[in-house]
Amino acid sequence: LMEMQYTDALTNLLKANELEPGSPEILTNLAMAYYFKGEKGLAVKHLNQALKISPENCDAKMNLASIYYEQN
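Residues numbered from 1 in each chain as written. Predicted model: local features only at pLDDT ≥ 70, side-chain atom pairs only at ≥ 80, totals over all residues. Heavy atoms only, no water.

Engineer: An account of the overall build of the protein chain is needed here, citing residue identities and associated values.
Structural biologist: Scanning the protein chain for helices and strands turns up four helices and zero strands. Counting helices and strands in the order they occur from the N terminus, the protein chain gives α-α-α-α. Along the longest, intermediate and shortest principal axes, the C-alpha atoms of the protein chain span 30 × 25 × 20 Å. Here the protein chain holds 72 residues, and 35% of them are scored as buried. Taking all contacts inside the protein chain whose residues are at least 6 apart in sequence as the whole, residues at least 24 apart take part in 38%. As displayed, the protein chain has an accessible area near 4800 Å², and 54% of this comes from carbon and sulfur atoms. Side chains of the protein chain carry 6 positive and 9 negative charges; the gap between the two charge centres is 7 Å. (Helix = DSSP H or I, 4+ residues; strand = E, 2+ residues; numbered from the N terminus. Buried < 20%, exposed > 50% of the residue type's maximum accessible area, 1.4 Å probe, protein only. Contact = heavy atoms within 4.5 Å. Areas by Shrake-Rupley, 256 points an atom, 1.4 Å probe, with all protein chains shown as cover. Lys, Arg positive; Asp, Glu negative; His and termini not counted. Charge placed at Lys NZ, Arg CZ, Asp CG, Glu CD.)

Structure (structure tokens):
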């Protein structure tokens, strides 16, 4: 994600999520890969999943708030 290689990031994060399902860090990064590829609905879905597992996840909270703010 840091190198703006969103398709590669998405591919790798999907594999990581298969190996370690339920990781809030993976779900948060997966959400952002979807977001940057224009899939905002999937981004919101994965951020909410991350927050369900880890309600204190500040990154997921901030990213979700940013998406909601963008959507008014």
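Engineer: Provide a residue-level description of the packing of aromatic side chains, including the pertinent values.
Structural biologist: What the rule picks out here adds up to two aromatic pairs. Taken together, a centroid distance of 4.8 Å and an interplanar angle of 20° make the contact between Tyr 6 and Phe 36 stacked. Here the residue Tyr 6 occupies a position in helix α1 (residues 6-19), and Phe 36 occupies one in helix α2 (residues 24-36), the gap between them amounting to 30 residues. Ring geometry for Tyr 35 against Phe 36: centres 5.2 Å apart, planes inclined by 75°, an arrangement best described as edge-to-face. Taken together, the ring pairs connect Tyr 6, Tyr 35 and Phe 36 into an aromatic cluster. (Phe/Tyr/Trp six-rings, centres within 6.5 Å; stacked < 30°, edge-to-face > 60°.)

Engineer: Explain the environment of Leu 30 residue by residue, including any values.
Structural biologist: Positionally, Leu 30 belongs in helix α2. For Leu 30, a relative accessible area of 0% puts it in the buried group. Placed 18 residues apart in sequence, Leu 30 and Asn 12 show a C-alpha to C-alpha distance of 9.1 Å. Ignoring anything within four residues of it in the chain, the contact list for Leu 30 reads Leu 10, Leu 13, Leu 14, Asn 17 and His 46.

Engineer: Report on unusual backbone geometry, specifying residues and quantitative values.
Structural biologist: In this structure, Met 4 takes a positive phi of about 60° despite not being glycine. Along the polypeptide, Met 4 turns up in the segment before α1. Accessibility expressed as a relative area gives 58% for Met 4, which makes it exposed.

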